[in-house]
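# Coordinate inspection notes
Here are the chains, one letter per residue:
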Amino acid sequence: LWALDPQSGQPSWRIGFEDPQGAGAGPAVLCRRTAFWATRSELLAIDVTAGDIIDRTPLHDGDRRPAAALAVGPSCLLIGNASRVAAVSLVPESRE
């Protein structure tokens with residue numbers, strides 16, 4: 001996954017992995033200042049300003065099919081593959 005500087009067109013940062021399990025499983029989606037990107041084994045949340053990984057969530061599906069599609073809604077991230085779709089809330093829990 002690459003980010004390009006809008007002024008120069010040069011890469012600002014790059015995230016990628018050499019092993020096949022770390023390969024991207026589809027395009028990233030953007031929500032505010034966070035890009036979500038699925039690899040074959042985990043979901044990454046990346047700060048788009050600096051390119052830092054801010055969260056890693058293991059992805060496991062009983063049939064071992066990787067996540068193939070991501071979509072962002074008003075308050076959730078949808079993660080889908082050939083057998084199911086899961087929704088993850090993007091609204092922080094209240095600490096009251």
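Residues numbered from 1 in each chain as written. Predicted model: local features only at pLDDT ≥ 70, side-chain atom pairs only at ≥ 80, totals over all residues. Heavy atoms only, no water.

## Quick word on the overall build of the protein
A tally of regular secondary structure across the protein gives zero helices and nine strands. Walking the protein from its N terminus toward its C terminus, one meets helices and strands in the order β-β-β-β-β-β-β-β-β. Looking at the protein as a whole, 28% of its 96 residues are labelled buried. (Helix = DSSP H or I, 4+ residues; strand = E, 2+ residues; numbered from the N terminus. Buried < 20%, exposed > 50% of the residue type's maximum accessible area, 1.4 Å probe, protein only.)

## Topic: the confidence of the model for the protein
Put simply, the protein has an average pLDDT of 80, and 80% of its residues get 70 or more. Across the protein, the secondary-structure element scoring lowest on mean pLDDT is strand 9 (residues 85-89), at 81, and the one scoring highest is strand 2 (residues 11-14), at 90. (pLDDT = per-residue confidence, 0-100.)

## Regarding the sheet that holds strand 9
Taken in spatial order, the three strands make up an open sheet running 7-8-9, and their pairing is antiparallel. In this open sheet, the two strands that pair with only one neighbour each are strand 7 (69-72) and strand 9. Each strand of the sheet is rotated relative to its neighbour by a mean of 20 degrees, with strand direction disregarded. (Pairing = 2+ DSSP bridges. Axes fitted to C-alpha atoms, helices over the stretch in contact; angles between N-to-C directions.)

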